[in-house]
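Structural overview for review
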Amino acid sequence: MARIEGIQIQNYRSLKDVTLGKTIENQKPEPLKQLIAVIGPNGSGKSALMDAFGFIGDCLSSGVEEACEKPHRGGFERLRTKGQTEPIKFEIYYREKSDTTPISYSLHIDSDEKTGRPYVSYERLRQRRKGQKRGWPSSFFFEVTDAKGFVWAGEATDREEGSKKIDITLKDPRRLGITTLGNLAEHPRIVLFRQFLEGWYLSYFVPELARGLPVAGAQKHLNRTGENLANYVQFMERQHSKKFSEVLQSISKKIPGIEKITAKKADDGRLLLQFNERGYVDPLYALDMSDGTLKMFAYLLLLEDPEPAPLIGIEEPENGLHHQLLEPLAEEMKHYASIGGGPQIILTTHSPYLVDALKPEDVWILEKDADGFSSLVRAADIPSIKELYA
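Numbering of residues begins from 1 in every chain and follows the order in which that chain's sequence is written. Per-residue local features are limited, in this predicted model, to residues with pLDDT of at least 70; the limit for side-chain atom pairs, both in listing and counting, is 80 or more; totals at the level of whole chains, interfaces and linings are taken over all residues. To obtain the side-chain values, all non-hydrogen atoms of the structure were included, while hydrogens and water were left out.

Digging into the overall build of the protein
Counting its regular elements, the protein contains 12 helices and 17 strands. What the globule rule says is 2.2 Å times the number of residues to the power 0.38, and the radius of gyration is computed from C-alpha atoms. The C-alpha atoms of the protein give 22 Å as radius of gyration, which agrees with the globular expectation for 390 residues (21 Å, within 12%). For the protein, the C-alpha atoms occupy an extent of roughly 70 × 50 × 45 Å along the three principal directions. The cut-offs for exposure are 20% and 50% of the maximum accessible area for each residue type, with area from a 1.4 Å probe on protein chains only; residues under the lower value are buried, those over the upper are exposed, and the others partly exposed. Going through the 390 residues of the protein one by one, you find that 54% of them count as buried. Contacts in the protein between residues at least 24 apart in sequence constitute 58% of all its contacts with a sequence separation of at least 6. The protein chains shown are the only cover counted for residues, whose accessible areas, like all others here, come from Shrake-Rupley with a 1.4 Å probe. Surface exposure of the protein reaches about 18500 Å², of which carbon and sulfur atoms provide 48%. Charged-residue counts in this description rest on Lys and Arg as positive and Asp and Glu as negative, His and the chain ends being excluded. Where a charge lies is defined by one atom per residue type, namely NZ (Lys), CZ (Arg), CG (Asp) and CD (Glu). Each charge class in the protein can be summarised by its mean position, and for the 52 positive and 56 negative side chains these summaries are 4 Å apart. Helix numbering and strand numbering both begin at the N terminus, where a helix is a DSSP run of H or I of at least 4 residues and a strand a DSSP run of E of at least 2. The contact criterion used is simple: two residues touch if any of their non-hydrogen atoms lie within 4.5 Å.

In structure tokens:
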């Protein structure tokens with residue numbers, strides 16, 4: 001499964017210039033772990049960091065203008081770091097498989113001087129040439145500046161035998177080039193990268209929505225808000241019945257008082273999520289369950305997805321959960337992320353119970369500096385923390 005080894009974010013809200021892991025220009029840091037947690041005080045930039053991942057995904061699915069205008073973002077100028085005139089910039093350094101060479105994706109978003117509308121000012125995909133062990137020669141296989149540029153077709157990188165350079169002009173500068181080219185068989189590496197970005201899952205679980213009664217119909221994955229929780233349970237029951245039975249037995253041991261969980265089709269065609277609690281003959285429904293029970297159930301079920309997302313982001317999973325559930329949840333996430341081919345999991349948290357279950361290499365610390373910008377450091381790179389942990 002594809003994995004991010006590093007990401008650099010510049011001029012996005014309070015994140016004037018922060019980097020997690022490796023970049024194309026700095027190969028010294030270790031690649032990002034499969035499970036990382038970002039901690040820091042309120043206002044340090046944790047929400048901005050998590051939203052940056054969501055912003056990139058929204059740019060891919062709906063274009064940069066619509067992504068900027070989401071209600072919780074409020075437009076390009078509110079997103080760009082105060083006082084900055086440079087574009088918002090992202091670099092994603094990722095590896096498709098453990099035995100493939102890394103690819104670097106750069107995305108710059110600026111505003112049009114005449115209209116003020118955001119657009120893609122620069123976009124690039126870059127990969128080291130085959131057999132090149134050191135250095136990064138000019139191996140761009142896709143590059144566009146202000147909607148004009150080129151792409152190399154086929155599997156080979158530029159200037160290699162079998163590659164073909166094609167000049168391109170993009171019709172809509174507010175759409176990512178990989179949105180269009182990522183649908184064409186002639187560009188397999190761009191197709192894979194687009195699929196990787198499309199697969200990102202950011203959880204914004206809302207217990208009240210999970211209590212709803214959706215129309216019956218199995219759905220393959222849990223959505224971001226959890227409102228299709230019953231549909232996801234129905235899919236797991238139908239398509240992975242043996243595994244699902246084992247999963248529920250495992251989950252029931254981790255959620256106090258729960259013995260059995262099922263999805264029942266009501267007479268009107270809607271789905272009822274049923275919870276059998278110890279001491280009760282009749283089942284209780286999702287409407288009767290606490291926010292914490294629903295949330296813990298959703299997280300644990302998400303971790304058992306047979307076809308998981310390559311990247312899972314969860315903002316403050318501890319909200320609504322009893323502190324005694326947090327260490328078991330962290331252990332489940334560590335186990336899930338350690339499985340071969342499993343996804344990366346990125347958390348933001350205030351909980352010492354979650355952090356205590358991790359190693360310094362897994363924890364990053366965000367702080368707001370005197371200039372109002374956020375700085376980011378890995379806990380393992382702070383000598384005093386490393387000594388305390390040892």
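Don't stop here, the text continues.
Brief notes about the environment of His72
Tracing the backbone through its elements, the reader meets His72 in the loop between helix 2 (64–68) and helix 3 (76–79). Each C-alpha atom of the pair His72 and Leu388 lies 39 Å from the other, and the pair is 316 residues apart in sequence. With residues up to four places along the chain from it excluded, the contact list for His72 reads Arg13 and Asp51.

Things to note about the sheet that holds strand 11 (residues 258–265)
Pairing between strands is defined by DSSP: at least two bridges between them are needed. Read from one edge of the open sheet, three strands run 11-12-13, paired in antiparallel fashion. Each having just a single partner strand, strand 11 and strand 13 (284–285) make up the two edges of the open sheet. Here seven bridges tie strand 11 to strand 12 (residues 271–277), and the two strands are oriented antiparallel to one another. Each bridged residue has a counterpart across the sheet, and for Lys260 the counterpart in strand 12 is Asn276. Strands strand 11 and strand 12 of the sheet are contacted by helix 7 (residues 229–239), whose axis makes an angle of about 80° with strand 12. Lines are fitted to the C-alpha atoms to define the axes, a helix being fitted only along its stretch in contact, and any angle between axes, read from their N-to-C directions, falls within 0 to 180 degrees.

Concerning the sheet that holds strand 2 (residues 15–21)
The eight strands lie next to each other as 2-1-4-5-6-7-8-9, forming an open sheet whose pairing is antiparallel. Two strands lie at the open edges of the sheet, namely strand 2 and strand 9 (164–169), each paired on one side alone. Within this sheet the neighbouring strands show an average axis-to-axis angle of 15°, counted without direction. Across seven bridges, the pairing between strand 1 (residues 3–12) and strand 4 (residues 88–95) is antiparallel. Within the sheet, the bridge partner assigned to Gln10 lies in strand 4 and is Lys89. Contacts from helix 1 (residues 46–62) reach strand 1, strand 2, strand 4 and strand 5 (103–111) within the one sheet, and its direction differs from that of strand 1 by about 100°. Against the sheet, helix 5 (residues 188–198) engages strand 1, strand 4, strand 5, strand 6 (118–127), strand 7 (140–145) and strand 8 (148–153), with an angle of about 105° to strand 4.

As for the pattern of salt bridges
Definition used for salt bridges: Asp or Glu carboxyl oxygen within 4 Å of a side-chain nitrogen of Lys or Arg. One pass over the full model with this rule turns up 18 salt bridges. With a shortest N-O distance of 3.6 Å, Lys33 and Glu30 are connected by a salt bridge. The salt bridge involving Arg73 is made with Asp58; its shortest N-O contact spans 2.9 Å. Linking Arg73 in the loop between helix 2 and helix 3 with Asp58 in helix 1, this pair joins segments that are 15 residues apart in sequence. On the accessibility criterion, Arg73 (2% relative accessible area) is buried. One salt-bridge network, held together by shared partners, links Arg13, Asp51, Asp58 and Arg73.

Here we look at the nonpolar core
Formed by 60 residues in total, the largest nonpolar core has its most connected members in Ile92, Phe142 and Ile178. With nine residues, helix 1 is the single largest residue contributor to this core. Among all residues touching Phe142, those that are not within four sequence positions of it are Glu123, Arg124, Leu125, Phe150, Val151, Ile168, Gly177, Ile178, Leu181 and Ile190. Residues belong to a common nonpolar core when they are buried Ala, Val, Leu, Ile, Met, Phe, Trp, Tyr or Cys residues joined through side-chain atoms within 4.5 Å. Of all hydrophobic cores here, the second largest spans 50 residues; its members include Ala37, Leu294, Leu300 and Leu325.

Topic: the pairing of strand 4
Within strand 4, seven of the eight residues are buried, which leaves it mostly tucked inside the rest of the structure. Of the pairings in the sheet, the one linking strand 4 to strand 5 comprises seven bridges and is antiparallel in character. The residue bridging Ile88 from the neighbouring strand is Ile109, located in strand 5.

What to know about the state of the cysteines
For the purposes of this analysis, a disulfide is any pair of cysteine sulfur atoms at a distance within 2.5 Å. All chains considered together, the criterion is met by zero disulfides. Of the cysteine sulfurs around Cys68, a residue in no disulfide, the closest is that of Cys59, at 6.1 Å.

Describing the packing of aromatic side chains
For this analysis, a ring pair means two rings from Phe, Tyr or Trp (six-membered ring only for Trp) whose centres lie within 6.5 Å, classed as stacked if their planes differ by under 30 degrees, edge-to-face if by over 60, and tilted for the remaining angles. Scanning all chains against the criterion turns up 11 aromatic pairs. Each ring, one from Tyr12 and one from Phe55, has its centre 5.3 Å from the other, and the planes form 45°; the classification is tilted. Of this pair, Tyr12 sits in strand 1 while Phe55 sits in helix 1, placing them 43 residues apart in sequence. Accessibility assignment for this pair places Tyr12 and Phe55 in one class, buried. Judged by centre distance (6.5 Å) and plane angle (55°), the ring pair of Phe205 and Tyr299 falls under tilted. On the criterion of sequence distance, the pair formed by Phe205 in the loop between strand 10 (201–203) and helix 6 (207–210) and Tyr299 in helix 9 (residues 291–302) is long-range, its members being 94 residues apart. As far as the burial class goes, Phe205 and Tyr299 line up, both buried. Through successive ring pairs, a cluster of aromatic residues spans Phe53, Tyr94, Tyr105, Phe193, Phe196 and Trp200. One Lys or Arg, Arg124, reaches over the ring of Phe140 and ends 5.0 Å from the middle of that ring. In this scheme, Lys NZ or Arg CZ marks a charge over a ring once it lies within 6 Å of the ring centre and within 35 degrees of the ring normal. Over the face of the ring belonging to Phe141 we find Arg189, whose NZ or CZ atom lies 3.7 Å from the ring centre.

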